[in-house]
Amino acid sequence: MGEKVTFLGTREVDIIDIDLILPVGFPLAIIIGLAAGYFLRRLTAESKIGSAEAEAARIIGEARRDAENTHKESVLQTKDEMHRLRAGFEKEERERRSDLQNFERRLLQKEENLDKRSDNLDRKEESLQRRDNKVKERQSAADALYEQQMQKLEEISGLTGEQAKEILLRDVEESILHEQAVLIRELEAQFKERVDTEAREVIALAIQRNAADTVAETTISVVSLPNDEMKGRIIGREGRNIRALETATGVDLIIDDTPEAVTLSCHDPVRREVARVALEHLIKDGRIHPSRIEETVAKSRREVEKIIREAGEQAVLDAGIHGLHPELVQILGRMKFRVSYGQNVLQHSVEVAQLAGSLAAEIGADVDMARRAGLLHDIGKAVDQGTDRTHVDWGVEIAKKYREPDVVVNTIASHHGDTDALYVEAVLVAAADAISAARPGARRETLEHYLQRLTKLEEIAKSFPGVENCYAIQGGRELRIAVVPEKISEDEATLLVRKIAKRIEGELKYPGQVKVVAVRETRATDYAK
């Protein structure tokens, strides 16, 4: 027999001798081993489950106790918070009730005040109504009294209300006209006292310091011939010579019955001068044929270019200007052969430069800039022939091209009033330009233009009512007007000449100024019998 073995302290098992078991069979041993293992694992699992259930019961008990404690604390905290909120709400409610009570009291007070004001307004309205009724009654009485007075006045004066009104208005108008005329006379007198003397002195001094000759040139040049036979040589066989000369110079040759003279016609004065010099050389040389004409014209053109350059340099020297661009000096010299109203443009420009410089020195402006602007103010006349653009547009373009100062550009643009003068030197150059053009003998106008200006002056004067006759005298520098004394009073005559002068300024262009004089003559006639 085998030994007994105790498993887990609970049960004793007999140990069978291996030698006895082995013969039974190996399979039986395996079955017994598996069964023993199963029972061992089951006993172990039941033991673990029992201990786990005990631990779980303990944890659940502790959790229940903690939950009950937490619930009790939460209930206490909630009760405290509800008590605090109830106390705050009750306090806020009491404050709101207090505010509502105060607001209600104010509303009641305002309502009482409004009732009082309404009562006062009602009483005032009644008072105003009574006053309005009284005023209407008094107005009706005043209107009736006014009508009675007007009727009495009309009966006494023998005039209706409209007639009296017209008389009053006429008296007021005459009074205003008189005061206006007196005011104009006073202002003119004060202005002349302050300005006339100084202006005359400055201008006279500037003119005295600068003297310029007057020239008279036209768009034609006349070349003298030694004899009339030279005309045939100039024309040449079948007109070859004259055609060659006209083609080379761009000038029209006029050969007519004028004895010993040939006329050159061209709007470009430089071309005309080249043709004149070339023709004089050909006449002296005596050899006149197409090839010789071309050589002579080329040589003459070089001579004229030299003359132009020297003229420009001399003008710059006479004006006292420095630093001009050489090409600008060359363009300036071309004006030696340009004439405007019989006045040489280059001499006129030099004269304007000298006058502008003198005026600038008198008033303390920039003398050098005034001279520079005065010399270049008509530079556009050197290139404006045969184009649609004015010499002002050309002058501005040339000045900008050669980067002249803004003062010079503005002077060129504004010296005829096309734009506003932005610099005092521009104003001085415009004044010097007017002085140079308006001085006696400086310019000569064509007869047609002169007659048109005189006629227009008289037409403007005659267009005003009350003008009996008018005469343009002193070469159109004075307009003398004879007015009807019964229609134009002395005060009205003062206003009339002012209106005529303003209209002349707006409608006519003229050198210098035009003096407008109104003559009002009253004649008294009687006969001795």
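Residues numbered from 1 in each chain as written. Predicted model: local features only at pLDDT ≥ 70, side-chain atom pairs only at ≥ 80, totals over all residues. Heavy atoms only, no water.

Asker: Just checking my understanding: could you explain the overall build of the protein chain for this structure?
Answerer: In terms of helices and strands, the protein chain carries 15 helices and 10 strands. Counting the 529 residues in the protein chain, one finds 29% classified as buried. With an accessible surface of roughly 36400 Å², the protein chain has 53% of that area assigned to carbon and sulfur atoms. (Helix = DSSP H or I, 4+ residues; strand = E, 2+ residues; numbered from the N terminus. Buried < 20%, exposed > 50% of the residue type's maximum accessible area, 1.4 Å probe, protein only. Areas by Shrake-Rupley, 256 points an atom, 1.4 Å probe, with all protein chains shown as cover.)

Asker: Sorry if this is basic, but what is going on with the sheet that holds strand S10 (residues 515-520) here?
Answerer: Note on sheets: strands pair through backbone hydrogen bonds, and any given pair is parallel or antiparallel. Spatial ordering of the open sheet is given by S8-S9-S10, a layout of three strands whose pairing is mixed. Two strands lie at the open edges of the sheet, namely strand S8 (467-473) and S10, each paired on one side alone. Sheet twist, expressed as the mean angle between neighbouring strand axes with direction ignored, is 20°. Pairing between S8 and strand S9 (residues 478-483): six bridges, direction antiparallel. The partner of Ala472 across the bridge, within S9, is Leu479. Packed onto the sheet, helix H15 (residues 490-507) meets S8, S9 and S10 and runs at close to 155° relative to S10. (Pairing = 2+ DSSP bridges. Axes fitted to C-alpha atoms, helices over the stretch in contact; angles between N-to-C directions. Contact = heavy atoms within 4.5 Å.)

Asker: Mind showing me how you'd approach the packing of helix H6 (residues 269-285) against helix H7 (residues 290-319) here?
Answerer: The geometry of a pair of packed helices is captured by two quantities: the angle between their axes and the separation between those axes. Remark: H6 packs on H7, axes separated minimally by 8 Å, with the N-to-C direction vectors making an angle of 125°. Overall, the two elements H6 and H7 adopt an arrangement that is oblique. Note on packing geometry: the crossing formed by H6 with H7 is right-handed. Of the residues in H7, those touching H6 at Val270, Glu273, Val274, Val277, Ala278, His281, Leu282 and Asp285 are Arg292, Ile293, Thr296, Val297, Ser300, Arg301, Glu303, Val304 and Ile308. Its residues placed into classes, the contact of H6 with H7 shows nine nonpolar, three polar and five charged. (Parallel < 35°, antiparallel > 145°, perpendicular 65-115°, else oblique. Left-handed = near helix turned anticlockwise from the far one by under 90°. Nonpolar A, V, L, I, M, F, W, Y, C, P; charged D, E, K, R; others polar.)

Asker: Explanation requested: the nonpolar core in the structure shown.
Answerer: Nonpolar side chains in soluble globular proteins tend to end up buried together. With 41 residues, the main nonpolar core has Leu324, Leu332, Leu375 and Ile379 as its most contacted residues. A per-element tally of this core places helix H9 (residues 345-363) first, with nine residues. Grouped together as the second largest cluster of nonpolar side chains are 26 residues, Ile234, Val262, Val277 and Ile308 included. (Core = buried A, V, L, I, M, F, W, Y, C linked by side-chain atoms within 4.5 Å.)

Asker: For this particular structure, what's the right way to read the pattern of salt bridges?
Answerer: Think of it this way: side chains of opposite charge can pair up when their charged atoms draw near. Counting across every chain of the model gives 14 salt bridges. A salt bridge links Glu280 to Arg276; the nearest nitrogen and oxygen atoms lie 2.8 Å apart. Residue Glu280 and its partner Arg276 are both found in helix H6; the two are separated by four residues, about one turn of the helix. Note on Arg276: relative accessible area 22%, which makes it partly exposed. Through salt bridges with shared partners, one network takes in Glu55, Arg58 and Glu62. (Salt bridge = Lys/Arg side-chain N within 4 Å of Asp/Glu carboxyl O.)

Asker: Where do I start with H7 in this structure?
Answerer: Each turn of an α-helix holds 3.6 residues, which means side chains three or four residues apart point in the same direction. For H7, built from 30 residues, the straight-helix expectation of 44 Å at 1.5 Å per residue is met to within 8% by its first-to-last C-alpha distance of 43 Å. Where H7 is buried, its residues meet helix H5 (240-249), H6, helix H8 (326-334), H9 and helix H10 (367-376). (Expected span 1.5 Å × (residues − 1).)

Asker: Honestly, the side chain of Asp433 in this entry has me stumped. Any pointers?
Answerer: In this structure, Asp433 sits in helix H13 (residues 424-438). A polar atom in the side chain of Asp433 sits 2.8 Å from the side chain of His348. (Polar contact = N/O pair within 3.5 Å; in protein donor to acceptor, adjacent residues only side chain to side chain.)

Asker: Got a minute to help me understand H10 in this structure?
Answerer: Here H10 lies mainly inside the structure; seven of its 10 residues are buried. Three or more residues of H10 are buried, namely Met369, Ala370, Arg372, Ala373, Gly374, Leu375 and Leu376.

Asker: What is the right way to read unusual backbone geometry from this model?
Answerer: Of all residues except glycine, most have a negative phi; of all peptide bonds, most are trans. Even without being a glycine, Glu238 presents a positive backbone phi close to 55°. With respect to the helices and strands, Glu238 occurs in the loop between helix H4 (229-235) and H5. Glu238 sits in the exposed class, given a relative accessible area of 70%. Positioned with a positive phi, Arg403 is a non-glycine residue whose angle comes to about 55°. Along the chain, Arg403 turns up in the loop between helix H11 (391-401) and helix H12 (406-414). Residue Arg403 is classed as exposed on the basis of its relative accessible area, which comes to 78%.

Asker: Please explain a positive patch on the surface as it appears in this structure.
Answerer: A grouping of Arg130, Arg131, Lys134 and Arg138 is seen on the molecular surface, where their side chains present a positively charged patch. Structurally, Arg138 can be placed in helix H2 (residues 26-157). (Patch = residues over 30% accessible without salt bridge, like charges linked within 9 Å, V, L, I, M, F, W, Y side chains within 5 Å. Lys, Arg positive; Asp, Glu negative; His and termini not counted. Charge placed at Lys NZ, Arg CZ, Asp CG, Glu CD.)

Asker: Please explain the environment of Ala360 as it appears in this structure.
Answerer: Within the secondary structure, Ala360 sits in helix H9. The spatial distance from the C-alpha of Ala360 to the C-alpha of Val429 is 9.2 Å, given a sequence separation of 69 residues. Beyond its immediate stretch of four places on either side in the chain, Ala360 contacts Ala365, Asp366, Val367, Ala370 and Leu428.

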